[in-house]
Amino acid sequence: MILVDNLSYSYPLAKTPALHEVSLTVSPGEFVAVIGANGSGKSTLCYALTGFVPHFFHGKLTGRVSVAGQDTQITPLAELVTVTGLVFQNPANQISGAKFTVYDEVAFGLENLGVPRAEMPGRIAAALSLTGLTDLADRSPYELSGGQQQRLALASVLVMAPRVLVLDEPTSQLDPLGSRDVFAVIRNLSRRGITVVMAEHKLEWIAAFADRVIMLAEGQILLDGPPAAVLTSSLLETHHVGRPRFTRLAAQAQSLGLWPANRPLPVTLAEAVAGFQSILTGRENHAD
Amino acid sequence: MATQVSLYLAGDRFLYRLNPVTKLVVVGCVIMLTFLAPGSWTPWLMFTLLGLLALSNNLARPFFRSLWRIIAPLALFLFVIHGLFSPDGQTILLTVGPLALKQEGLAFAWLMTGRILSVTGVSLLLVFTTPPAALMLALAQHGVPTALTYIMGTTLQIIPQMRARAAAIIAAQQARGLETTGSLPQRVRALRPLITPLVLSSLVDVEERAIALEARAFRANRPKTSLTDLPDPPGERLLRWLGFGLTLLIIGAGWQL
């Protein structure tokens, strides 16, 4: 679905490249999380996958990015939006400002694409239902909470039926409740088979739901693999990303001899509970 | 939380069913008649007709209440200033101490008040009966560039957002010890640390908004469609031209007489 081949990119006037010789492939339906410290290139990768790099930001790009068979350097942005949708951090800035209800806001993209009027209500209703906004359809987009606005941004992109959804830290400006609702929608979309690439800092959530994790550092891919492998790597600590709290807890237990050296470190709460339970049961049996 | 600025009042009477462009033409005709037709009674006649129109569209209460709030202080000011201090004043009606109330000044204030009432009244009827989105759509359908109608529509919604942000910046700067009250020079000095972050954050917003618009195919090079059906029957289009022609005729005939 996504092919990135030896991609290097520098923003205009920048001395160092934001991305350096990045290569990756993403299969259809895969849920890929991108992690990394601030300035590691996560947002730039998101922009590259949606064509904003280089169409919007210009700058110098070498290598190739292809999404659903479309070369992002050749295909105009307005055409790419039907292939790959982008949702970014600030929910308020993703509202078009031209529409006065949630329903009309979702229709905005369809109107721009010239979708026939008869086709719109069905698509809008589906997008609102997927994001849990059906009951808020008549509200002003500016009267929504941050989490609701971010779900509106998702609905506004989903209504254009992209095959790939790219999310750049979609919950970074939301409270825990808003984050939970947005994550629930993303998880639901992933289960429905849409390909998702998401830059995110909330590692516990990534550990629970992502199929694969890519770690970026200074514009390069440092780690690429399943969450259990990437999120337990000590490289996360050295590159200021940190590890999930359950991994840190088990690592500390390991340093105290309480977690077996040969047992993989957990990344989810369930794995941690299972691990500690098995250790405690083993000790009890040993004591008996 | 920021909310939208819109004076639209839901309804289903005659004015609501007109195409927004027809209403814009009515606004134009009323303004032309108010300012170009002769006679100091013309603006008041226009205002009376507008009042009847408001009444027939169930809008009398908000119409007259809004006008009272907007125009009353202004009218009072006009009558006092022009009545007492107009340089054209010759005919003294009343003298109280050093002050003399003059007929010519009052006549001018009467004309100006009528004009302001008429223009404000017709504009109020337009915004009371037209959802902003419908107005923007109608303009776009009549050849106004989409980028321009977008800016017009967005401005309405960005004002409350900017106000909310300005309030947040003021609160943040006050928390850092900035004095925003007190004498005029003190307030002027406080402006810079308030305006700079407001302008800079707004510039950052512009880039993100541009990305969001691109992500919604705003600049797609294909014919746009519309969710809303905005009827514009041929009869109404003909009526617009007739109304415009009639307005010119009345103005011309008025001056002939």
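Small disclaimer: the values here were computed from a predicted structure and weren't measured.

(A) Focus on the overall build of chain B. Looking only at helices and strands, chain B features 9 helices and 2 strands. Listing every helix and strand of chain B by position from the N terminus yields α-α-α-α-β-β-α-α-α-α-α. For chain B, the C-alpha radius of gyration of 24 Å lies well beyond 18 Å, the compact-globule estimate for 257 residues. Counting only C-alpha atoms, chain B reaches 65 × 60 × 30 Å along its principal axes. Considering chain B as a whole, with its 257 residues, one finds that 25% of them fall into the buried category.

(B) Layout of the overall build of chain A. Within chain A, the secondary structure is distributed over 12 helices and 10 strands. Expressed as lengths along the three principal axes of its C-alpha atoms, the size of chain A is roughly 75 × 45 × 30 Å. With 288 residues in all, chain A has 48% of them scored as buried. The long-range share in chain A, meaning contacts at least 24 apart out of those at least 6 apart in sequence, stands at 63%.

(C) Up close: the sheet that holds strand S10 (residues 220-225) of chain A. All names here are of chain A. Taking strand neighbours across the sheet as the criterion, the 6 strands line up as S6-S7-S8-S3-S9-S10 in an open arrangement whose pairing is mixed. Every other strand in the sheet has two partners, leaving strand S6 (84-87) and S10 as the edge strands with one partner each. Along the sheet, successive strands turn relative to each other by an average axial angle of 15 degrees, direction set aside. As judged from the 4 bridges shared by strand S3 (residues 31-35) and strand S9 (residues 212-217), these two strands associate in the parallel manner. Each residue of the ladder has a partner; that of Ile 35, found in S9, is Met 215. Helix H6 (residues 146-158) rests against S6 and strand S7 (164-168) of the sheet, and its axis sits at about 165 degrees to S6. In the packing of helix H7 (residues 176-191) onto the sheet, contacts are made with S3, S7 and strand S8 (195-199), and the angle to S8 comes to roughly 145 degrees.

(D) Quick look at the interface of chain A and chain B. Taken together, the contacts link 32 residues of chain A with 35 residues of chain B. Listing elements by their share of the side of chain A that touches chain B, those giving two or more residues are helix H3 (77-80), S6, helix H4 (102-113) and H6 of chain A.

(E) Broad picture of the domain arrangement of chain B. Here chain B is described as being made up of domain 1 (14-138 + 231-256) and domain 2 (145-215). For domain 1 of chain B and domain 2 of chain B, the distance between their C-alpha centroids amounts to 34 Å.

(F) Inspection of the environment of Leu 99 of chain B at higher detail. By the element assignment, Leu 99 of chain B lies in strand S2 (residues 99-102). Sequence separation of Leu 99 of chain B and Phe 85 of chain B is 14 residues, and the distance between their C-alpha atoms is 8.6 Å.

(G) Looking closely at the domain arrangement of chain A. Residues and elements named next belong to chain A. Segmenting chain A into domains produces domain 1 (2-242) and domain 2 (244-288). Elements that contribute at least two residues to the side of domain 1 that touches domain 2 include exactly helix H8 (203-209) and helix H9 (227-230). Looking at which element gives the most residues to the side of domain 1 that touches domain 2, the answer is H8, with 4 residues. Residue composition of the side of domain 1 that touches domain 2, grouped by class: 6 nonpolar, 1 polar and 1 charged.

(H) View of unusual backbone geometry. Residue and element names in this part refer to chain A. With an omega of 10 degrees, the peptide bond between Val 53 and Pro 54 qualifies as cis. Positive phi, normally seen in glycine, also occurs at Leu 13, with a value near 70 degrees. One can find Leu 13 in the loop between strand S1 (2-10) and strand S2 (19-26). A count of 6 C-beta atoms within 10 Å places Leu 13 in the exposed class.

(I) Spatial organisation of the pairing of strand S1 (residues 92-96) of chain B. Residues and elements named next belong to chain B. Of all 5 residues making up S1, only 0 are buried, and the element is barely covered by its neighbours. Where S1 lies against S2, 4 bridges are found, and the strand directions are antiparallel. Bridged to Ile 92 within S2 is Lys 102. What sits between S1 and S2 in their antiparallel hairpin is a turn of 2 residues, with Gly 97 showing a positive phi close to 60 degrees.

(J) Spatial organisation of the sheet that holds strand S5 (residues 70-71) of chain A. Residues and elements named next belong to chain A. Taken together, the 4 strands give an open sheet; going across it, the order is S2-S1-S4-S5, and neighbouring strands pair in antiparallel fashion. This sheet does not close on itself; its edge strands, each paired only once, are S2 and S5. One ladder, built from 7 bridges, connects S1 with strand S4 (residues 60-67); its direction is antiparallel. Considered in S4, the bridge of Asp 5 is made with Arg 64.

(K) Broad picture of the pairing of S1 of chain A. Direction of pairing for S1 of chain A relative to S2 of chain A: antiparallel, over a ladder of 5 bridges. Bridge assignment links Tyr 9 of chain A to a residue of S2 of chain A, and that residue is Leu 19 of chain A.

(L) View of the packing of H6 of chain A against H7 of chain A. All names here are of chain A. Relative orientation of the contacting elements H6 and H7 amounts to 20 degrees, with a least axis distance of 8 Å. Regarding the angle of H6 to H7, the classification is roughly parallel. The handedness of the crossing between H6 and H7 comes out as right-handed. Across the interface between the two elements, Gly 146, Gly 147, Gln 150, Arg 151 and Leu 154 from H6 touch Leu 177, Gly 178, Asp 181, Val 182 and Val 185 from H7. Residue classes in the contact of H6 with H7 are distributed as 4 nonpolar, 4 polar and 2 charged.

(M) Here's a closer look at helix H2 (residues 20-36) of chain B. All names here are of chain B. In this model H2 runs 24 Å from its N-terminal to its C-terminal C-alpha over 17 residues, within 8% of the 24 Å that 1.5 Å per residue would give. Restricting attention to buried positions, one finds in H2 the residues Pro 20, Lys 23, Val 25, Val 26, Cys 29, Val 30, Leu 33 and Thr 34. On its buried face, H2 sits against helix H3 (42-56), helix H5 (103-129), helix H6 (132-141) and helix H9 (234-256).

(N) Fine view of H6 of chain B. Within H6 of chain B, 7 of the 10 residues are buried, which leaves the element mostly enclosed by the surrounding structure. All of the buried residues in H6 of chain B are Pro 132, Ala 133, Leu 135, Met 136, Leu 137, Ala 138 and Ala 140 of chain B. Close packing links the buried residues of H6 of chain B with H4 of chain A together with H2 and helix H7 (146-175) of chain B. Positive phi appears at Gly 143 of chain B, one or two residues downstream of H6 of chain B, with a value of about 95 degrees.

The rules behind each value
Residues numbered from 1 in each chain as written. Chains lettered and ligands numbered in written order. Predicted model: local features only at pLDDT ≥ 70, side-chain atom pairs only at ≥ 80, totals over all residues. Helix = DSSP H or I, 4+ residues; strand = E, 2+ residues; numbered from the N terminus. Rg over C-alpha atoms; globule rule 2.2 N^0.38 Å. Buried ≥ 20, exposed ≤ 12 C-beta atoms within 10 Å, placed from the backbone. Contact = placed C-beta atoms within 7 Å. Pairing = 2+ DSSP bridges. Axes fitted to C-alpha atoms, helices over the stretch in contact; angles between N-to-C directions. Domains from an automatic or database assignment. Nonpolar A, V, L, I, M, F, W, Y, C, P; charged D, E, K, R; others polar. Parallel < 35°, antiparallel > 145°, perpendicular 65-115°, else oblique. Left-handed = near helix turned anticlockwise from the far one by under 90°. Expected span 1.5 Å × (residues − 1).

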